[in-house]
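Residues per chain are reported as follows:
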Amino acid sequence: MSHADQSVNRQSLLAAADHARALLDAMVRLDEDTPVAPELAQRLESVLELLADHVQPVEAMVGGRTADRSGPRKGSYRDRSPISGVLNPIAPPVTLRVMDDHTANTTTTLGLAYQGPPGRVHGGFVASLLDHIMGYAAGTVGTWIFTRSLTVDYDHAVPLFEELAISARVDHIDGRKIWVVGEIRAEGSVVARARGLWLPPRAVPKGNEG
Ligand SMILES: CCCCCCCCCCCC(=O)SCCNC(=O)CCNC(=O)[C@H](O)C(C)(C)COP(=O)(O)OP(=O)(O)OC[C@H]1O[C@@H](n2cnc3c(N)ncnc32)[C@H](O)[C@@H]1OP(=O)(O)O
């Protein structure tokens with residue numbers, strides 16, 4: 001495939017991911033007696049038939065075909081992230097900014113697919129957002145890092161349908177331990193805060209040293 005064709009294909013995949021995001025939003029807003037339910041199920045089945053011969057085996061996407069998950073991985077890992085992956089429809093529209101001063105931030109607005117208590121973001125998703133942005137701040141210190149501990153304070157409701165500003169910074173580093181703090185603001189006020197510990201693995205998985 002030529003460079004130009006690849007670019008057109010990526011634009012189509014991005015558009016498809018956006019449609020799938022809109023579909024997720026529509027699904028949770030459908031009335032149970034919607035008359036188009038049978039046609040919806042049928043059309044989605046045909047879409048899945050279209051994809052059947054083209055989806056990669058899962059082993060190719062996690063990286064490697066061996067038990068230790070070493071070896072090459074197809075596709076961009078970041079594009080498939082459940083929090084900020086542009087090609088992953090369960091990721092809300094999020095554009096991450098990772099800065100040289102060991103900080104990371106983003107803004108996003110979440111719809112009904114992320115609802116916990118009525119009108120509020122699900123607490124588990126609040127923690128996921130913080131984990132992710134804080135992970136990226138920690139990732140400015142070491143390439144391979146894992147969340148070891150995360151404590152979230154839910155100070156106030158995190159609202160749906162309003163812009164949320166999520167930010168994180170490395171608080172201090174103690175040997176291998178990277179301590180990070182993060183927060184979510186809505187209309188300028190802090191609604192959730194977190195602190196956590198990130199650690200590099202003792203050995204980087206084979207094939208992923210770079
Ligand atoms: C740009 C690219 C971006 C890339 C950015 C990617 C962003 C995505 C972010 C997503 C983040 C994830 O989902 S990560 C996925 C979820 N997390 C995981 O799966 C991690 C599972 N856990 C592990 O694999 C392991 O526990 C490790 C690798 C994290 C650490 O193992 P370890 O090296 O054996 O270390 P361990 O003994 O557990 O602990 C090390 C030290 O920390 C201390 N320690 C442990 N917990 C605590 C605690 N709560 N408070 C104080 N200290 C603690 C221990 O006492 C010990 O101290 P001392 O005795 O040494 O002094």
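Residues numbered from 1 in each chain as written. Predicted model: local features only at pLDDT ≥ 70, side-chain atom pairs only at ≥ 80, totals over all residues. Heavy atoms only, no water.

### Side note on the overall build of the protein
Assigned secondary structure in the protein consists of four helices and six strands. Across the protein, helices and strands are ordered from the amino to the carboxyl terminus as α-α-α-β-β-α-β-β-β-β. When burial is assessed residue by residue, the protein has 29% of its 210 residues classed as buried. Within the protein, contacts between residues separated by at least 24 positions form 59% of all contacts whose residues are at least 6 apart in sequence. Of the roughly 13400 Å² of accessible surface on the protein, 55% is carried by carbon and sulfur atoms. Between the mean site of the 21 positive side-chain charges and the mean site of the 25 negative ones, the protein shows a separation of 9 Å. (Helix = DSSP H or I, 4+ residues; strand = E, 2+ residues; numbered from the N terminus. Buried < 20%, exposed > 50% of the residue type's maximum accessible area, 1.4 Å probe, protein only. Contact = heavy atoms within 4.5 Å. Areas by Shrake-Rupley, 256 points an atom, 1.4 Å probe, with all protein chains shown as cover. Lys, Arg positive; Asp, Glu negative; His and termini not counted. Charge placed at Lys NZ, Arg CZ, Asp CG, Glu CD.)

### As for the UniProt feature "domain: Thioesterase" (unreviewed entry) in the protein
Here, UniProt's "domain: Thioesterase" (unreviewed entry) annotation points to residues 119-190. With 22% helix and 44% strand, the stretch residues 119-190 has end C-alpha atoms that lie 17 Å from each other. (UniProt positions renumbered as here; feature names shortened; annotations may be inferred.)

### Notes on the domain arrangement of the protein
Assigned domains of the protein: these are domain 1 (3-51) and domain 2 (76-199). The straight-line distance from the C-alpha centre of domain 1 to that of domain 2 is 27 Å. Taking both partners together, domain 1 and domain 2 bury about 820 Å²; carbon and sulfur atoms supply 65% of that area. Its largest share of buried area at the contact with domain 2, domain 1 owes to R10, R21 and L24, together 51% of the area lost on that side. Our enumeration of links across domain 1 and domain 2 arrives at one salt bridge. Between D79 and R10 there is a salt bridge, with the nearest N and O atoms lying 2.9 Å from each other. Remark: the boundary between domain 1 and domain 2 carries five residue pairs in polar contact (both at pLDDT 80 or more). Within the side of domain 1 that touches domain 2, the residues separate by chemical class into six nonpolar, no polar and four charged. (Domains from an automatic or database assignment. Buried area = accessible area lost by both parts, 1.4 Å probe. Salt bridge = Lys/Arg side-chain N within 4 Å of Asp/Glu carboxyl O. Polar contact = N/O pair within 3.5 Å; in protein donor to acceptor, adjacent residues only side chain to side chain. Nonpolar A, V, L, I, M, F, W, Y, C, P; charged D, E, K, R; others polar.)

### Here's the deal with the packing of aromatic side chains
Within the structure shown, the criterion is met by two aromatic pairs. Taking the centre distance of 4.7 Å and the plane angle of 40° together, the rings of Y114 and F125 count as tilted. Of the two residues, Y114 is situated in the loop between β2 (103-108) and α4 (123-138) and F125 in helix α4; the sequence distance between them amounts to eleven residues. When sorted by exposure, Y114 lands in the same class as F125, which is buried. With 6.1 Å between their ring centres and 45° between their planes, W144 and F146 make a pair best called tilted. Looking at W144, the relative accessible area reads 25%, which means it is partly exposed. (Phe/Tyr/Trp six-rings, centres within 6.5 Å; stacked < 30°, edge-to-face > 60°.)

### Digging into the site of the ligand
Near the ligand, the surroundings consist of 17 residues, among which T147, R148, R176, K177 and R202 are the closest. R148 places a polar side-chain atom, nitrogen or oxygen, 2.7 Å from an oxygen atom of the ligand. Burial of the ligand by the protein amounts to 55% of the accessible area it has alone, namely 1300 Å². Breaking the shell around the ligand down by element, the ones donating at least two residues are α4, β3 (146-154), β5 (177-186) and β6 (189-199). Of the residues in the shell around the ligand, the class split is six nonpolar, five polar and six charged. (Near = heavy atom within 4 Å.)

### Brief notes about the nonpolar core
L110, V121, L130, V158, V180 and I184 are the most contacted members of the largest nonpolar core, which has 31 residues in total. Those elements giving two or more residues to this core turn out to be α4, β4 (164-174), β5 and β6. With ten residues, the single largest contributor to this core is α4. Not counting the four nearest positions on each side in its chain, L130 is found in contact with G135, V152, I166, G182, E183, I184, A192, R193 and A194. (Core = buried A, V, L, I, M, F, W, Y, C linked by side-chain atoms within 4.5 Å.)

### Quick look at the confidence of the model for the protein
Confidence in the prediction of the protein, expressed as mean pLDDT, is 91, and 90% of residues score 70 or more. If you check the scores for this complex, the pTM reads 0.91 and the ipTM reads 0.91. (pLDDT = per-residue confidence, 0-100.)

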